[in-house]
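Here are the chains, one letter per residue:
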Amino acid sequence: MKTQFDKVLLEEGEIRARVSELAKAISADYQGMDPLLVCVLKGAVFFMADLVREITVPCELDFMAVSSYGSATDSSGVVRILKDLDANIEGRHVIIIEDIIDTGLTLSYLSKNLRARNPASVEVCALLTKPERRKADISCKYVGFEVPDTFVVGYGLDFNEDYRNLRFIAAMPEEGSR
Ligand code: PRP
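Residues numbered from 1 in each chain as written. Predicted model: local features only at pLDDT ≥ 70, side-chain atom pairs only at ≥ 80, totals over all residues. Heavy atoms only, no water.

S.K.: Is there a simple way to think about the sheet that holds strand β8 (residues 152-153) in this case?
M.R.: Sheet strands line up and pair through hydrogen bonds in the backbone, either parallel or antiparallel. In spatial order, the strands read β1-β9-β8; together these 3 strands make up an open sheet with antiparallel pairing. One side of each edge strand has no neighbouring strand; the edge strands of this open sheet are β1 (8-10) and β8. Relative to strand β9 (residues 169-171), β1 runs antiparallel, the two sharing 2 bridges. Bridge pairing in β9 places V8 opposite A170. (Pairing = 2+ DSSP bridges. Helix = DSSP H or I, 4+ residues; strand = E, 2+ residues; numbered from the N terminus.)

Next comes the structure, spelled out in structure tokens:
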């Protein structure tokens, strides 16, 4: 599988090590707080699953599905909730788990939406960030890696729903070279 990707950006081992560091930081910061980890489907599923198994304090999980009105590669900032949380988050310490922050528009909408429900706190943990693409001013407390402004796939990230199951993260080959 790997041979078709000429640029592997993050190997499986690097991802595992960083996820473990993030889990350590979260475990230290959230002692006795029973945080609610909110996974934004679908891309963050793999990250969430690996992260939560490294977290050493009691925590709960919930899931949201959102769709952004935009082109396949660009979100517009207008977000529709396809699946809302099961939990009432009033008074809870919420951590939004994202695979990637690109423009930041999805996260900007999501954190505003969740804050309106009176949680005790809302923080963000994202595996990847593309700072060059940022359009919204958002704060992300836990970041795995900065990646360049190229289309990335693997470890949850897709191209037309393909490649989510790669164990590594790679730059998508240019059209024509595939
Ligand atoms: C990705 C990612 C974020 C969003 C980031 O989701 O998981 O939710 O895009 O983009 P933004 O910062 O420009 O708003 P996507 O819409 O690809 O859905 P998926 O996770 O189901 O693949």
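S.K.: Whenever I open this one, helix α2 (residues 45-54) confuses me. Can you help?
M.R.: Think of an α-helix as 3.6 residues a turn; residues three or four steps apart then line up on the same face. Among all positions of α2, only F47, M48, L51 and V52 are buried. End-on, the buried residues of α2 take up no more than an arc of 115°, which puts them together on one face. At its buried positions, α2 is contacted by α1 (12-29), β2 (36-41), β3 (60-68), β5 (93-101) and β6 (121-129). (Buried < 20%, exposed > 50% of the residue type's maximum accessible area, 1.4 Å probe, protein only. Arc of directions from axis to C-beta. Contact = heavy atoms within 4.5 Å.)

S.K.: Just to check I follow, could you spell out the site of the ligand for this structure?
M.R.: Surveying the vicinity of the ligand reveals 15 residues, the closest of which are E98, D99, T103, G104 and T106. D102 has a polar backbone atom sitting 2.8 Å from an oxygen atom of the ligand. The contact in question runs from an oxygen atom of the ligand to an N or O atom on the side chain of D158, over 3.1 Å. With the chains in place, 78% of the 500 Å² that the ligand exposes on its own is no longer accessible. For the shell around the ligand, the element with the most residues is β5, which contributes 4 residues. (Near = heavy atom within 4 Å. Polar contact = N/O pair within 3.5 Å; in protein donor to acceptor, adjacent residues only side chain to side chain. Areas by Shrake-Rupley, 256 points an atom, 1.4 Å probe, with all protein chains shown as cover.)

S.K.: Please explain the packing of aromatic side chains as it appears in this structure.
M.R.: When we look at a pair of aromatic rings, we describe it by the centre distance and by the angle of the planes. Per the stated rule, a full pass over the model turns up 3 aromatic pairs. On the basis of an interplanar angle of 85° and a centroid distance of 5.6 Å, the ring pair of F151 and F159 is categorised as edge-to-face. Taking the relative accessible area as the measure of exposure, F151 reaches 31% and is therefore partly exposed. Taking relative accessible area as the criterion, F159 reaches 21% and is therefore assigned partly exposed. Following the ring pairs from residue to residue traces out a cluster consisting of F5, Y163 and F168. (Phe/Tyr/Trp six-rings, centres within 6.5 Å; stacked < 30°, edge-to-face > 60°.)

S.K.: Could you clarify how one ought to interpret unusual backbone geometry in this entry?
M.R.: The general pattern is negative phi for most residues beyond glycine and trans for most peptide bonds. Of note, the amide linkage connecting L41 to K42 takes the cis form, showing an omega dihedral of -5°. Structurally, the position occupied by K42 is in the loop between β2 and α2. Notably, D34 is not glycine yet its phi reads approximately 45°, a positive angle. Following the sequence through the fold, D34 ends up in the loop between α1 and β2. Since its relative accessible area comes to 31%, D34 is described here as partly exposed. Unusually for a residue other than glycine, N160 sits at a positive phi of about 50°. Along the chain, N160 falls in the loop between β8 and β9.

S.K.: Can you walk me through the sheet that holds strand β4 (residues 79-83) in this structure?
M.R.: The sheet built from 6 strands is open, its strands ordered β4-β3-β2-β5-β6-β7 with mixed pairing. Because the sheet does not close on itself, it has two edges, and the strands there are β4 and β7 (142-146). Averaged over all pairs of adjacent strands, the angle between their axes in this sheet comes to 30°, without regard to strand direction. Of the strand pairs in this sheet, β6 and β7 are connected by 4 bridges, and their pairing is parallel. Opposite T129, over in β7, you have E146 as the bridge partner. The strands that α2 touches are β2, β3, β5 and β6; relative to β2, the one it contacts most, it runs at about 155°. Contacting β2, β3, β4, β5 and β6, helix α3 (residues 105-115) crosses the sheet at an angle of about 170° to β5. (Axes fitted to C-alpha atoms, helices over the stretch in contact; angles between N-to-C directions.)

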